[in-house]
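Residue-level listing of the chains:
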Amino acid sequence: MSSFNRSTTRRRVLKGGAVLAGGAVLAPTVFTRGAWAEAFRNNPGDAGSVTLGFNVPQTGPYADEGADELRAYQLAVKHINGEGDGGMLNTMQPLALKGNGILGKKVEYVTGDTQTKSDAARASAKRMIERDGVVMVTGGSSSGVAVAVQSLCQDMGVIFMAGLTHANDTTGKDRRRYGFRHFFNAHMSAAALGPVLEAQMGKERRSYMLTADYNWGWSVEGSMTQVTENMGWETVSQVRTPLGAGDFSQYITPVLDSGADVLVLIHYGKDMVDSLTQAVQFGLRDKQVNGRNFEVVVPLYSRLMAQGAGKNVAGIYGSTNWHWSLQDAGTQAFVKSFGQEYGFPPSQAAHTCYVQALLYANAVESVGTFYPVEVIKFLEGFEFDGMGNGPTLYRAEDHQCFKPVLVVKGNENPSSQFDLLEVVQEVPTEQITYPHDLYAGDLGPYDV
Amino acid sequence: MDSLLLQLLNGLDKGGAYALIALGLTLVFGTLGVVNFAHGALFMLGAFVAVSVNALLNTSKQIRDESITFFEAFIDQPYLEIWFGETGTTIIEWSAPIAIVVAVPVMLLVGLAMERGLIRFFYKRSHAEQILVTFGLAIVLGEIIKVIFGANPIPQSAPPVVAGAAPVGSWFGLSETLVYPWWRLIYLFCAFVIIGAVFAFLRFTTYGMVVRAGMADRETVGLLGIDIERRFTVVFGIAAVVAGLAGAMYTPIVPPDYHIGMNFLVLSFVVVVVGGMGSLPGAVAAGFLLGVIQSFASIGAVKEILPGIDQIIIYLIAVLILLTRPRGLLGRKGVMES
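Keep in mind the model is a prediction, meaning the values are calculated, not measured. (Residues numbered from 1 in each chain as written. Chains lettered and ligands numbered in written order. Predicted model: local features only at pLDDT ≥ 70, side-chain atom pairs only at ≥ 80, totals over all residues.)

Considerations on the overall build of chain A
Rule in force here: Each helix corresponds to a stretch of at least 4 residues labelled H or I by DSSP, and each strand to a stretch of at least 2 residues labelled E; elements are numbered beginning at the N terminus. Whether a residue is buried, exposed or partly exposed follows from its count of other C-beta atoms within 10 Å of its own C-beta, namely 20 or more, 12 or fewer, or something in between, respectively; the C-beta atoms are built from the backbone. For the purpose of contact definition, each residue receives a C-beta atom placed from its backbone, and two residues are in contact when these atoms lie within 7 Å.
What chain A contains, in helices and strands, is 14 helices and 17 strands. Seen through its C-alpha atoms, chain A measures out along the principal axes to roughly 115 × 45 × 35 Å. Classification of the 448 residues of chain A by burial places 55% in the buried group. A separation threshold of at least 6 residues defines the contact pool for chain A, and within that pool the share at least 24 residues apart is 71%.

This is the structure in structure tokens:
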């Protein structure tokens, strides 16, 4: 009794009470550590599989890119699940993936058609998230689509790994916390192309720009105008053309007596194939203006477009995010894997989509959870290599990847049916890097 | 000046397509009294006759590409080239003109089948019902093409000999470097020939005379013991051929997809309204006129003053015509007028 009395002093009671109170406060976090894992959208939980959403243009002017994106995604799923030769999983550094899916769950996928229309792309992504329960949406071949889907994904708390999107807006004014872009952008294209164009065509040029009339076109037009005017070129005219116009003759004809000696074709996909083919048919390539040969520049180039335009691309300069002829180990592993699967080399659209799928899977594997906030924090500032572009940084402030950019030229003497573009210069990262606040934007919150 | 000539040619070219479709539309309206919203689908079907002919001629065998070593790549070699060598290559290169020849009987059959199988049941129905059924037919045909050929445009080439550009500048005493694509000139020429042939058929043949008489007074011609319905069926077939040829010839200019007919249909109806419902010369004149006006509206100087005017100019003119002269430029008095 006396001992009880000794032990139950006021001080001891207070101490014990404090311990109990502290324990009560801490207990929920001790026993429910990881409980947030239950609280996010489309948590796969204990399921044996996890679903990714591949939202690509299967119809419309960018359908060729979309088809190649889908091939790349299917290959990525194979590799993540441990099938095939592993592709870039053999070269990627650092790598957490083990070739047994993501966190031991088999990767499955659903597909959607963006139709290269923002509303269709959003509807498709929404369906994937709400009906199919995808943990990540990826794909697209248009900046209009990327910005629209990225915004939706931010609102719905699902990560969006952008496919081919080149406008500055995607990681500029329209950047989102849940959106990540591996592909380069208009600013980088212009920064890489400028010095090459100056060396090849001189400082006294007059340019005429035909621009696809949506956010990507405006973005490239702005960046190209800034760079070319800084090096002394004069911009004669900037004409906006509707997406998917088909017949560009009425836009090309005025170029002929505009006094311009360079046509900058800010078109992509089938639009570029059509406008370039028609520009050549109207004799622009054979023309002499101001005592100089008339030149055509295509700021955003791809092998698929070169294939579509055939001989018309010979000698035409442009920029590209990646090209299958690069000699690094990552590129060779991917090209071999893709070529064996499909019988032809991948396009830059296929490359960026394949890499994005792997980067997401690797991030989840690294943090040990599908919880988007943790995955986002892992990807922000993530540095990696062995994926075809050399050392690459996912900049934390705007979710834009920084890596070397390729300046290419339509091959005049192709050695094979795929040898359509010649890499003129691999422009180093330092030359195309810009401050993250140059295109001001707000990533938004982690928790949505 | 150079640019003006090219814009004029562009306008005539586009106008040629408008005129060919509008000619068929107004022919069907004038003879059968049917507002045929499936007429654009006939243009589209003609284009896909060209695509089919090209695909057929390009039926290929896959041959290993030895220049690619790090994976197995193949080159498609057409059987025609394997069997006939250079002659085979030439045949493939000339697929567009071959398709134009093939399109005539195919589109005639399509037109006859469409008229006998569906359109004739709607002669005495209201215009609203005709529009509904023909629009539905256009959608069905479009979707069938989409299922077979996919939703994406399929590029076609002109024969190499006319794939380049013609020196129109030197023809007109202008700059020698001024050129215009040969195939577009051929399209324009063919448009004139087809339009001329239709007019000559209606003007100088007995068959055409009866058709014109039927257009003016169907009942009287019927009372004379002439089976005017059968003749009108043939007229529908001719309209289908004209639209189909317009489509087949257009494929080297713009790669066709299942929706191409709809793009032209709306504009062609505007052309018919501007020209005058049921007036053949009106349709042709309005087709070329609107094509040229649209082309000139896209000149930079014009667009600087009125941005986007090239997209709406045709509709503005249609509104103006409907307000001031509802029967159209060359329409008969009383038609479309209360």
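Things to note about helix 12 (residues 260-275) of chain B
Side chains of residues three or four places apart in an α-helix project in the same direction, reflecting 3.6 residues per turn. All names here are of chain B. Put simply, the rule is: Expected helix span is computed as 1.5 Å times (number of residues minus one).
Across its 16 residues, helix 12 extends 22 Å between first and last C-alpha, which sits within 8% of the 22 Å expected from 1.5 Å per residue. Of all 16 residues that make up helix 12, 13 are buried, and the element is covered over most of its length. Taken from the residues just after helix 12, G276 is the one with a positive phi, measuring 115°.

Notes on the sheet that holds strand 13 (residues 383-384) of chain A
All names here are of chain A. Definition in use: Two strands form a pair only when DSSP identifies at least two bridges running between them.
Spatially, 13-14-15 is the arrangement adopted by the three strands of the open sheet, whose pairing is antiparallel. Only two strands of the sheet have a single partner each, and these edge strands are strand 13 and strand 15 (401-402). Inspection of the sheet shows strand 13 paired to strand 14 (residues 392-394) by two bridges, in the antiparallel sense. Pairing of E383 across the sheet is with L393, part of strand 14.

Quick look at the domain arrangement of chain A
Residue and element names in this part refer to chain A. What counts is decided by this rule: Domain boundaries shown here were taken from an automatic or database domain assignment. Each residue is assigned to one class: nonpolar for Ala, Val, Leu, Ile, Met, Phe, Trp, Tyr, Cys and Pro, charged for Asp, Glu, Lys and Arg, and polar for all the others, Gly among them.
Under the domain assignment used here, chain A contains domain 1 (49-184 + 324-402) and domain 2 (187-320). On the domain 2 side, the residues contacting the 19 residues of domain 1 number 20 residues. Those elements that provide at least two residues to the side of domain 1 that touches domain 2 are helix 3 (63-80), helix 5 (143-156) and helix 12 (348-367). Class assignment for the residues of the side of domain 1 that touches domain 2 results in seven nonpolar, eight polar and four charged.

Observations concerning the interface of chain A and chain B
One frequent convention defines the size of an interface as the accessible area lost when the parts assemble. Counting residues at the interface gives 27 residues for chain A and 29 residues for chain B. Tallying contributions element by element places helix 11 (residues 329-342) of chain A first for the side of chain A that touches chain B, with four residues. For the side of chain A that touches chain B, the residue count by class is eight nonpolar, 14 polar and five charged.

Section: the packing of helix 1 (residues 2-32) of chain B against helix 13 (residues 280-297) of chain B
Residues and elements named next belong to chain B. Operational definition: Axes, fitted as lines to C-alpha atoms, cover a helix only where it is in contact. Angles between the N-to-C directions of the axes lie from 0 to 180 degrees. Note on angle classes: values under 35 degrees are labelled roughly parallel, values over 145 roughly antiparallel, values of 65 to 115 roughly perpendicular, and the remainder oblique. We call a crossing left-handed when the near helix sits turned anticlockwise from the far one by less than a right angle, and right-handed when that turn is clockwise.
Between helix 1 and helix 13, whose axes approach to 7 Å, the crossing angle comes to 150°. Taken as axis vectors, helix 1 and helix 13 run roughly antiparallel relative to one another. Of the two elements, helix 1 crosses helix 13, and the hand of that crossing is right-handed.

Here's the deal with the sheet that holds strand 1 (residues 49-56) of chain A
All names here are of chain A. Spatial strand order, 2-1-3-4-5: five strands in an open sheet with parallel pairing. What marks the edges here is a single partner per strand, and that holds for strand 2 (106-113) and strand 5 (179-181). Pairwise comparison of adjacent strand axes, ignoring direction, gives a mean angle of 25° for this sheet. Of the pairings in the sheet, the one linking strand 3 (residues 136-139) to strand 4 (residues 159-162) comprises four bridges and is parallel in character.

Remarks on the nonpolar core
Going by this rule: For this analysis, nonpolar core means a set of buried Ala, Val, Leu, Ile, Met, Phe, Trp, Tyr and Cys residues linked through C-beta atoms within 7 Å.
Residues A:L263 and B:L23 are the most contacted members of the largest nonpolar core, which totals 228 residues. When we break this core down by domain, the ones giving at least three residues each are domain 1 (49-184 + 324-402) and domain 2 (187-320) of chain A. With near-sequence residues (within four places) excluded, B:L23 lies in contact with B:I195, B:V198, B:V242, B:L280, B:A283 and B:V284.

What to know about the environment of B:D257
All names here are of chain B. Here D257 is to be found in the loop between helix 11 (228-250) and helix 12. The class for D257 is buried, based on 27 C-beta atoms found within 10 Å. Considering only alpha carbons, one finds D257 and V49, 208 residues apart in sequence, at a separation of 12 Å. Sequence-distant contacts of D257, defined by excluding residues within four places in its chain, comprise A151, N152 and P153.

Some points on the pairing of strand 2 of chain A
Residue and element names in this part refer to chain A. Let me state the cut-off plainly: Convention used here: a crossover is right-handed provided that the path from the first strand, over the helix, to the second strand proceeds clockwise when the strands point away from the viewer.
Here eight bridges tie strand 1 to strand 2, and the two strands are oriented parallel to one another. When the sheet's bridge partners are listed, V56 is paired in strand 2 with D113. In this region the chain leaves strand 1, passes through helix 3 and returns to the parallel neighbour strand 2; the handedness of that crossover is right-handed.

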